[in-house]
Amino acid sequence: MDLVNPIVDVFSRLWDCIARRTSYIRKLPKNLDSLRAATDRLKHLKNDVKTKLDLAQVQQMRPKEEVQFWIKSVEAMEGQVNEIVEEGTQQISNTCLGGYYPKNCWSSYKISKRATEELTVVEELRSTGNFSDVADILPPANVEKMPCGSTVGMDLIFKNVWECCNLGRCVQRIQRDEGSERNRKEDGVVISRRCKRGIPFPNGKNKSKVIFTTRSEAVCGRVEAHKKIRVQCLRWNEAWNLFQKMVGAETLNSHPNILKLAKIVARKCACLPLSIVTIGRAMASKKTPEEWNHAITVLKKSASESLGMEDKVLPLLKFSYDSLSNDIIRSCFLYCSLYPEDISIYKSTLIGHWIGEGFIAEYDDMNEAFNQGHYIIGMLKSMCLLESGHDEEFYVKMHDVIRDLALWIGCECGMKKDKFLVKARLRLIEAPQVEKWEVAERISLMHNDIRTLLETPKCPNLITLLLNNNRELKRLSNDFFKSMTSLRVLNLSRSSIEEFPNEIAGLVELQYLNLAFTPVKTLPDELEILVKLKYLNLKCTTKLTMFPLKVISRLPMLQWLNLYGSRFGDLELEDCGGAGLGEFENLKRLKVFGITIRTVYALQRLFNSQKLSRCTNYLFIEECQGLISFPLLSSSSSSSTTIGDLNCLKKLSFKSCLDLEELTVSLVVVGEGDNDFFSSLRALYLIHLPTLKMVRVVAHHLCFQNLYHVKIDDCDALEDLSWLVDIQSLQYLDLFRCKGIEEVICGGVVEVEEDSTTFSRLRHINLRNLPKLKSICRHALPFSSLEVIRVYECPELKKLPLDSNSAKNTLKKIIGEKEWWDKLEWEDESIKSVFQPYSKPIDK
């Protein structure tokens, strides 16, 4: 027996070693695909950073060394990746035994392993490339003289400013203008839109805005403001250099005649930076003289049809729109103008609207449609027609001048001005008169204060109606939707609609209906008429009690149904004739499903339903009496609750499960193949779980690969948060009202390297009402992405895990009570002085 055990042990170790290598060989194609995709994403980010850098250099700003070093690192990585992909492709093509096994297993193993290692490096580079600022503002000269060039649509403003010769008149005019100017920021005067884009001023964003911090500053600087708001066109050499960078050397050198033609195109851009960037990007793929000659013809025609400088800009920019590859992308671009000016647009909602409109129609399921939508967003960003929003991963935004361009084109270049009726975020109390609705095809009144819609508009051509975020909107007339026979997209989310307008059931063309975050109480049986409905969002309808389950389950085209956080849950489902969750299985096309579960029985039924578990994206587990432990994944032989095929889950929430004591996350293979649950989960919320003592995570480095948001609220028995440390994708951490937590990273980190991945992507830390919290971490961390720290009612937290190397070039704010900030302890005064400028103390 003594002899057998060592042999078995050796054999076991040998087998583990062989199994690991076999896995690398088997997964070579998958690893190469993952590496290609990650590198492509990195390239797009690099291009965005280089574009920002180019514009910053035009503004005479100094590029940051870390940005330049990052770009060089990415370019070096691209060469290594190309080498790995080329070698890997050769190995895949060189197979034996019917194509199942490579001829050279050792080479395949090494390449696959290299691909996996390089993938980690690529992701790390991508995580460190979200620079808030790419360049530093050079200190101005004692006397700065700006040459007077032509102004763009600003002549009357300059005349008025010039005429403000005395202080009193100037103050009055500034106050009056500020009161009427809707495009303002706090106490500042914003003129970005009227400038129609000349050189962007160095305020850290790609905006041509002149912002005075106070009115007195505006008054005292009126002469300087006059000079600076006369927005300058670039000098020719600056314009040409920028144009060359946008087009790229490969294109410019692809034919002997293109360089000469490119200079002609560049001059047609009127030396305006935005025109140069957008048109340059549009020409980056044009490698024949014929394409460049066509561009010159189009730009000449645009210039000849323009009356003045202001009218000249939009026709120039329209060239970028015309250069888009197909009508689908053009339609998607124009649709973005329905959103308010200078707002971040949630990608998922935008794509949902596109699908409802029918722009994205050639797809087998909703997930494929959303993938196509993300591809289109990437195309528009690469053409500088969209830019990143406040969170690059989930939001985009539209430059205000580009938005003007889209509205102008959407209204057929100004010929049909009412085709797009857009009055978004204007603080309207009443809607525009119904006469203006008659010829409109798309109407956006979102983000206003409209309370009632009691008229009956006649708008048979209307396709999209966006009324979302009118939080005071409670009543609509009985015949409000009567004439909207062509309506496809209706968004009433975040309004105060309580009674479902039955007339909606008569909208036979409707494909998208969003009632999320409304107090709607019932849905009528007449919904069965909506045979074309694809998307129904009822998220967080906390007062919904009547739900025609049998009617909904018979909608033939429904692919997206979200009841996450809805009052209507499994208890109500069981009351519907005992049919319960099984009714949803009748939705043959269902691909995205959100549900609220309140019993252990229903939870097991969900997991046992192969169809529903495979399409569940959003799961809200509330109350669930008797749920003591929850293994998110366990072996098929276990009798406990299993996660089954729930491999598309993106958001998981537990709330008020008063018996839940343990949450276990482990990576276990169920049956054949790998379970991808952990690579899909994006958000995990643990709310009011008073008996939860333990969150166990097995195989840290494999779990939660894309988990970006963790919220723990009112979990008094939970003390150990060490499982958070290895979630490398974590961006938002919210810890609220947990009486037992003393440390976030228990025991601290013995030694933290400069390139430590601990919380390397963490952007926001929110700590509130944690009476025992003494430490986030006992040692300083690099926090290479950290932007905001918020601390409220954490009296024992005397020290932050920061040193002079923490959160370099990323930190924006440290927010907390003034008393707390004043009592913070630092290693030395020099570190305190580093973070003092970011402090935003508030009184209790």
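Residues numbered from 1 in each chain as written. Predicted model: local features only at pLDDT ≥ 70, side-chain atom pairs only at ≥ 80, totals over all residues. Heavy atoms only, no water.

## Let's talk about the overall build of the chain
Across its full length, the chain holds 26 helices and 29 strands. In the chain, buried positions account for 51% of the 844 residues. Pairs at least 24 residues apart make up 65% of the contacts formed inside the chain by residues separated by at least 6 positions. Summed over all atoms, the accessible surface of the chain reaches about 40000 Å², with 50% contributed by carbon and sulfur. (Helix = DSSP H or I, 4+ residues; strand = E, 2+ residues; numbered from the N terminus. Buried < 20%, exposed > 50% of the residue type's maximum accessible area, 1.4 Å probe, protein only. Contact = heavy atoms within 4.5 Å. Areas by Shrake-Rupley, 256 points an atom, 1.4 Å probe, with all protein chains shown as cover.)

## Topic: the packing of aromatic side chains
A ring pair, where both rings are aromatic, is described by two values, the distance of the centres and the angle of the planes. Inspection of the entire model under this criterion finds 22 aromatic pairs. Judged by centre distance (6.0 Å) and plane angle (20°), the rings of Trp236 and Trp240 are stacked. Taken as a pair, Trp236 and Trp240 lie in helix 10 (residues 236–247) at a separation of 4 residues, close to a single helical turn. In this structure Trp236 comes out as partly exposed when scored by relative accessible area, which is 25%. Using a relative accessible area of 11% as the deciding quantity, one classes Trp240 as buried. Seen from their ring centres, Trp437 and Phe480 are 5.9 Å apart, and the 85° between their planes marks the pair as edge-to-face. Of this pair, Trp437 sits in the loop between strand 8 (420–422) and strand 9 (442–444) while Phe480 sits in the loop between strand 12 (475–476) and strand 13 (489–491); the two residues are 43 residues apart in sequence, bridging distant segments of the chain. The exposure class assigned to Trp437 is buried, which follows from its relative accessible area of 1%. Taken together, the ring pairs connect Phe370, Tyr512, Tyr535, Trp560 and Tyr618 into an aromatic cluster. (Phe/Tyr/Trp six-rings, centres within 6.5 Å; stacked < 30°, edge-to-face > 60°.)

## Focus on the environment of Leu724
Within the fold, Leu724 resides in the loop between strand 24 (709–713) and strand 25 (732–736). Among the residues examined, Leu724 registers a relative accessible area of 0% and is labelled buried. Along the chain, Leu724 and Val697 lie 27 residues apart, while their C-alpha atoms are 9.2 Å from each other. Setting aside anything within four residues of it in sequence, one finds Leu724 in contact with Val710, Leu733, Val744 and Phe759.

## Regarding the sheet that holds strand 7 (residues 395–397)
If you walk across this open sheet you meet the 3 strands as 5-7-6, and the pairing is antiparallel. In this open sheet, the two edge strands, each paired with only one partner strand, are strand 5 (345–346) and strand 6 (387–388). Sheet topology places strand 6 next to strand 7; 2 bridges connect them, and they run antiparallel. By the bridge assignment for strand 7, Ser388 is matched with Val396. (Pairing = 2+ DSSP bridges.)

## Focus: helix 16 (residues 327–335)
Every buried residue belonging to helix 16 is among Ile329, Arg330, Cys332, Phe333, Leu334 and Tyr335, and all of these are buried. The backbone nitrogen of Ile328 has a side-chain oxygen 3.0 Å away, supplied by the residue at the start of helix 16, namely Asn326. (Polar contact = N/O pair within 3.5 Å; in protein donor to acceptor, adjacent residues only side chain to side chain.)

## Let's talk about unusual backbone geometry
Even without being a glycine, Cys540 presents a positive backbone phi close to 55°. In this fold, Cys540 is placed in the loop between strand 15 (535–537) and helix 20 (549–552). One non-glycine residue with positive phi stands out, namely Asp714, at about 60°. Looking at the element boundaries, Asp714 is found in the loop between strand 24 and strand 25.

## Considerations on the environment of Glu623
Its location among the elements puts Glu623 in the loop between strand 18 (616–622) and strand 19 (629–631). Accessibility expressed as a relative area gives 33% for Glu623, which makes it partly exposed. Measuring from C-alpha to C-alpha, the distance between Glu623 and Ile597 comes to 8.4 Å, with 26 residues separating the pair along the chain. Apart from the residues within four sequence positions on either side, Glu623 is in contact with Arg567, Arg598, Lys655, Ser656, Cys657 and Leu658.

## Description of the pairing of strand 20 (residues 651–655)
Among the 5 residues of strand 20, 4 are classified as buried, and the element is accordingly described as predominantly covered. Relative to strand 20, strand 18 runs parallel, the two being bridged by 5 bridges. Looking across to strand 20, one finds that Ile621 is bridged to Phe654. In the sheet, strand 20 pairs with strand 22 (residues 683–687) via 5 bridges, with the strands oriented parallel. Within strand 22, the position partnered with Lys651 by the bridge is Ala683.

## Quick look at the nonpolar core
One finds Leu465, Phe584 and Trp723 to be the most contacted residues of the largest nonpolar core, which totals 120 residues. Judged by nonpolar contacts, the second largest core, of 86 residues, contains Leu316, Val489, Tyr512 and Ile687. (Core = buried A, V, L, I, M, F, W, Y, C linked by side-chain atoms within 4.5 Å.)

## Considering the packing of helix 17 (residues 347–357) against helix 18 (residues 366–382)
When two helices pack together, their arrangement is captured by the angle between the axes and the distance separating the axes. Contact geometry of helix 17 with helix 18 gives a least axis separation of 10 Å together with a crossing angle of 110°. As the angle between them shows, helix 17 and helix 18 are arranged roughly perpendicular. Judged by the twist between their axes, the crossing of helix 17 over helix 18 is right-handed. Here Lys347, Ser348, Leu350, Ile351, Gly352, Trp354 and Ile355 of helix 17 come into contact with helix 18, specifically with Met366, Ala369, Phe370, Gly373, His374, Ile376 and Ile377. Residues that form the contact of helix 17 with helix 18 fall into these classes: 9 nonpolar, 4 polar and 1 charged. (Axes fitted to C-alpha atoms, helices over the stretch in contact; angles between N-to-C directions. Parallel < 35°, antiparallel > 145°, perpendicular 65-115°, else oblique. Left-handed = near helix turned anticlockwise from the far one by under 90°. Nonpolar A, V, L, I, M, F, W, Y, C, P; charged D, E, K, R; others polar.)

## Considering the pattern of salt bridges
This structure, assessed with the given rule, holds 28 salt bridges. For Glu123, the salt bridge identified is with Arg41, shortest N-O distance 3.3 Å. Separated by 82 residues along the polypeptide, Glu123 in helix 4 (residues 105–127) and Arg41 in helix 2 (residues 28–58) bring together distant segments of the chain. Judged by relative accessible area, Glu123 falls into the partly exposed class, the value being 30%. A salt bridge links Arg554 to Glu528; its shortest N-O distance comes to 3.9 Å. (Salt bridge = Lys/Arg side-chain N within 4 Å of Asp/Glu carboxyl O.)

## With respect to a negative patch on the surface
The grouping of Glu430, Glu435, Glu438 and Glu455 at the surface amounts to a negative patch. Take Glu430: it is sitting in the loop between strand 8 and strand 9. On the basis of relative accessible area, Glu430 is assigned to the exposed category, the value being 63%. (Patch = residues over 30% accessible without salt bridge, like charges linked within 9 Å, V, L, I, M, F, W, Y side chains within 5 Å. Lys, Arg positive; Asp, Glu negative; His and termini not counted. Charge placed at Lys NZ, Arg CZ, Asp CG, Glu CD.)

## Re the environment of Glu622
Mapping Glu622 onto the fold places it in strand 18. Glu622 sits 66 residues away from His688 along the chain, and the two C-alpha atoms are 9.9 Å apart. Every residue in contact with Glu622, bar those within four places of it in the chain, is listed here: Thr596, Ile597, Arg598, Lys655 and Cys657.

## Quick notes on helix 12 (residues 258–268)
Those residues of helix 12 lying buried are Ile258, Leu261, Ala262, Val265 and Ala266. For helix 12, the angular spread of buried residues about the axis comes to 145°, placing them on one side. Of the exposed residues in helix 12, the ones pointing more than 90 degrees away from its buried face are Lys260 and Arg267. Immediately beyond the C-terminal end of helix 12, within one or two residues, lies Ala270, with a positive phi of roughly 60°. (Arc of directions from axis to C-beta.)

## A look at the pairing of strand 25
Counting buried residues along strand 25, 5 of its 5 residues qualify, which places the element largely inside the surrounding structure. Pairing analysis gives 5 bridges linking strand 24 to strand 25, with the strands arranged parallel. If you follow Ile712 over to strand 25, its bridge partner there is Leu735. Bridging between strand 25 and strand 26 (residues 764–768) involves 5 bridges; their strand directions are parallel. Considered in strand 26, the bridge of Leu735 is made with Leu767.

## Topic: the state of the cysteines
For the structure shown, the criterion picks out 0 disulfides. For the unlinked cysteine Cys715, the closest cysteine sulfur is that of Cys738, found at 5.1 Å. (Disulfide = S-S within 2.5 Å.)

## Side note on the confidence of the model for the chain
Of the residues in the chain, 75% reach a pLDDT of 70 or more, and the chain-wide mean stands at 79. Low pLDDT (under 50) marks residues 633–641, which in the prediction has 20 contacts with non-local residues, meaning those over four places away or in another chain. Note that residues 748–755 has pLDDT below 50 and, in this model, 13 contacts with residues that lie over four places away or in other chains. (pLDDT = per-residue confidence, 0-100.)

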